Amino acid sequence: MKQINIFTKILFISALIPFWAFSMTLDRDYIEAFAKSSVEDSIVLPSKGKMEITVSSIDPRINIQPCNSPLQANIPENHNGRNVNVKINCEDSTSWQLYIPVRIHTMLPVLVASMGIDKGTVLDSSNMTIEYLDQNMIRGEIIDEIELISGARAKRKISNGSPISKSNICLVCKGESVTIMAKSKQLTIKTAGIALKDGSLGEQISVKNRRSGKTVIGRVEALNKVVINL
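Residues numbered from 1 in each chain as written. Predicted model: local features only at pLDDT ≥ 70, side-chain atom pairs only at ≥ 80, totals over all residues. Heavy atoms only, no water.

Enquirer: Requested: an account of the overall build of the protein chain, with residues and values cited.
Expert: On a plain count of helices and strands, the protein chain comes out with three helices and twelve strands. When burial is assessed residue by residue, the protein chain has 32% of its 230 residues classed as buried. Contacts in the protein chain between residues far apart in sequence, at least 24 positions, make up 52% of those at least 6 positions apart. Put simply, the protein chain shows about 14400 Å² of open surface, and 53% of that area lies on carbon and sulfur atoms. (Helix = DSSP H or I, 4+ residues; strand = E, 2+ residues; numbered from the N terminus. Buried < 20%, exposed > 50% of the residue type's maximum accessible area, 1.4 Å probe, protein only. Contact = heavy atoms within 4.5 Å. Areas by Shrake-Rupley, 256 points an atom, 1.4 Å probe, with all protein chains shown as cover.)

Have a look at this one:
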């Protein structure tokens, strides 16, 4: 009979272990990690972007009570994308809640100068690199691939670490020879020309057809290449 009582007590204690173990996981580290993962799941990153999230430490004076129910995170829909107060709820018989400030850094790849670049310098992988910068610190349209502008020239001095923008380079430079591609659905005509002004990727510029002497407007598509849609 004594052995049966001991066995019954073991079964009773074993049944309580999962409940006790779950309660013990609700320490500060667990709740902070839960807030972080909840924010990560709520944000849609830009293409090629990455995210850095900093969670404020929970005040050590706060006494965290056990929670038998799964925690819930409430994230305001109208937050500014940089700072958000995450509301953590325990919907239990003795419910509780707390707010955890979270800082969000959305980082984007940006092409920057890896050294000081003088005006007229040809740009390539030796003087450019990709760095991730905070989205809120980026101004204007960014370039995120070295291959897109490799061979371009600097139109002005670019300091070490500065982003390389379309405004400070020319993929087609005034007075240089260019290839003019006149395209339609049926055919493509290729001829030589001279750039009449500087142009960066995607810009419309004037070029002179060497053969006919006519001036046409085309879009800069690549290094020393201008496309005209017929």
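Enquirer: Mind laying out the sheet that holds strand 12 (residues 225-229), listing which residues take part and the relevant values?
Expert: Ordered in space as 8-9-10-11-12, the five strands form a closed barrel in which the pairing is mixed. Along the sheet, successive strands turn relative to each other by an average axial angle of 55°, direction set aside. As paired elements, strand 8 (residues 177-183) and strand 9 (residues 188-195) share seven bridges and run antiparallel to each other. Bridging from a neighbouring strand, Ile180 pairs with Thr191 of strand 9. (Pairing = 2+ DSSP bridges. Axes fitted to C-alpha atoms, helices over the stretch in contact; angles between N-to-C directions.)

Enquirer: Mind laying out the state of the cysteines, listing which residues take part and the relevant values?
Expert: The tally for this structure, following the rule as stated, stands at two disulfides. Disulfide pairing places Cys67 opposite Cys90 at an S-S distance of 2.1 Å. A torsion of 100° about the S-S bond marks the disulfide between Cys67 and Cys90 as right-handed. On the criterion of sequence distance, the pair formed by Cys67 in the loop between strand 1 (50-55) and strand 2 (72-74) and Cys90 in strand 3 (residues 83-90) is long-range, its members being 23 residues apart. Assigned by exposure class, Cys67 and Cys90 land together as buried. Here Cys170 pairs with Cys173 through a disulfide, and the sulfurs are 2.0 Å apart. Taking the torsion about the sulfur-sulfur bond, which here is approximately 80°, the covalent link between Cys170 and Cys173 counts as right-handed. The pair Cys170 / Cys173 is uniform in exposure class, with both members buried. Each disulfide of the protein chain joins two cysteines, and with those cysteines numbered along the sequence the arrangement is 1-2, 3-4. (Disulfide = S-S within 2.5 Å.)

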